[in-house]
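Report on the structure
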Amino acid sequence: MYHYVRDLAKSNYPEIKGLDLKEFKEQLLFLKKNYTLVKIEDVINSYENNCHLPDNAALLTFDDGYKDHFINVFPILNDMKIQGCFYPPAHVIKNKSVLDVNKIHFILASVKDKNIIVEQIFKQLTLHKKKYNLKDNLFYFNKLAKASRFDSKEVIFIKRILQVELPENLRNKITDFLFKKYVTSDEESFSKTLYMNVNDMKEMISAGMHFGSHGFGHYWLASLSHKQQEVDINKSLNFLEKIGADLNNWTMCYPYGSYNKDTISILKNNRCKLAFTTKVSIAQIDSDNTLEVPRLDTNDLPKDRNG
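Source: prediction; values computed, not measured. (Residues numbered from 1 in each chain as written. Predicted model: local features only at pLDDT ≥ 70, side-chain atom pairs only at ≥ 80, totals over all residues. Heavy atoms only, no water.)

A word on the pairing of strand β9 (residues 274-280)
- Both strand β8 (residues 251-253) and β9 contribute to a ladder of three bridges, which runs parallel. Note on β9: the bridge partner recorded for Met252 is Ala275.
- Each parallel crossover has a hand, and for β8 linked through helix α13 (residues 261-269) to β9 it is right-handed.
- Where β9 and strand β10 (residues 293-295) come together, two bridges link them in parallel fashion. By the bridge assignment for β10, Phe276 is matched with Val293. (Pairing = 2+ DSSP bridges. Helix = DSSP H or I, 4+ residues; strand = E, 2+ residues; numbered from the N terminus. Right-handed = clockwise from strand over helix to strand, strands pointing away.)

Below, the structure written as structure tokens:
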């Protein structure tokens, strides 16, 4: 599972939580040395027809449709004759906007001292406390600020308060405020440089890359009703059809890894072949549900050709 892949030292946002391009190349060489890189069609065939995959088979997936994937990743995969599986969020690409989750990434990458962002969020919570019937600031910090394997407690607090904890319209309002304050007020221009466009994707599909659904609005699908999920997924399939993706072998990558029984039911009804989660594990063809396939993160494997 990959997200940002770029030359971090030369990036305008060297603190973005991404994989450096040199390390990506090294990781590919490590994978080529120790694994057999397969295509999505091979994996689908192995699940559907019990066809044996090579030992140590590996599949590459890339979330969120970043321009990084077209400029940096695609030429390397094409030269090495490796297929990548790409999952763009359709809404922001069509509307030249930026996902809230990406806004948060770049806010974090723009401010070295994360406590400054925490203090700004506290000010916003205080400002809106009465209107939204909010609790005290420390209540939210104590509840949400739990360090993860990749992030400090301050970063986790910022992510959780702005992604899930607050009412959606307030989350959006605070995120937009911080994005304009620390990153840019020109969201449309930023979007054009952050995400692939339709022509990029069509070129990649023509070269044999796989494109699947990452939802239309990049929602936490489990938070939506059955009908809302159905509408969102159908809109994402319409987008895939317009860019020329293979709808006979379409796959899904759950935004934020969020899904529920309704999601599974909708995917089954639409004949989805595979769906990828963010559960950290090696996929087991003989036992894993085809619509709940786990993945390893790039950080779970060496970034050196010699391992």
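Points about the pattern of salt bridges
- Applying the stated criterion across every chain yields a total of 16 salt bridges.
- In this structure, Lys17 and Asp151 form a salt bridge, with 2.6 Å as the shortest nitrogen-oxygen distance. You can see Lys17 sitting in the loop between β1 (5-6) and β2 (19-20) and its partner Asp151 sitting in the loop between α7 (137-144) and α8 (153-165), a full 134 residues away along the chain.
- For Lys17, a relative accessible area of 58% puts it in the exposed group.
- Between Asp151 and Lys159 there is a salt bridge; the shortest N-O distance is 2.7 Å. In terms of burial, Asp151 and Lys159 fall into one category: buried.
- Through salt bridges with shared partners, one network takes in Glu15, Lys112 and Lys114. (Salt bridge = Lys/Arg side-chain N within 4 Å of Asp/Glu carboxyl O. Buried < 20%, exposed > 50% of the residue type's maximum accessible area, 1.4 Å probe, protein only.)

Details of helix α11 (residues 198-206)
- Where α11 is concerned, the buried positions are Asp200, Met201, Met204 and Ile205. Relative to the axis of α11, the buried residues are bounded by an arc of 130° and lie together on one face. Projecting away from the buried face of α11 at angles above 90 degrees are the exposed residues Asn199 and Ser206.
- Summarising the contacts, the buried residues of α11 are in contact with α3 (67-80), β6 (84-87), α4 (90-95), β7 (210-211) and α12 (226-243).
- One side-chain oxygen of the residue at the start of α11 lies 3.0 Å from the amide nitrogen of Asn199, identifying that residue as Asn197.
- In the segment just after α11, Gly208 is the residue with positive phi, at about 100°. (Arc of directions from axis to C-beta. Contact = heavy atoms within 4.5 Å. Polar contact = N/O pair within 3.5 Å; in protein donor to acceptor, adjacent residues only side chain to side chain.)

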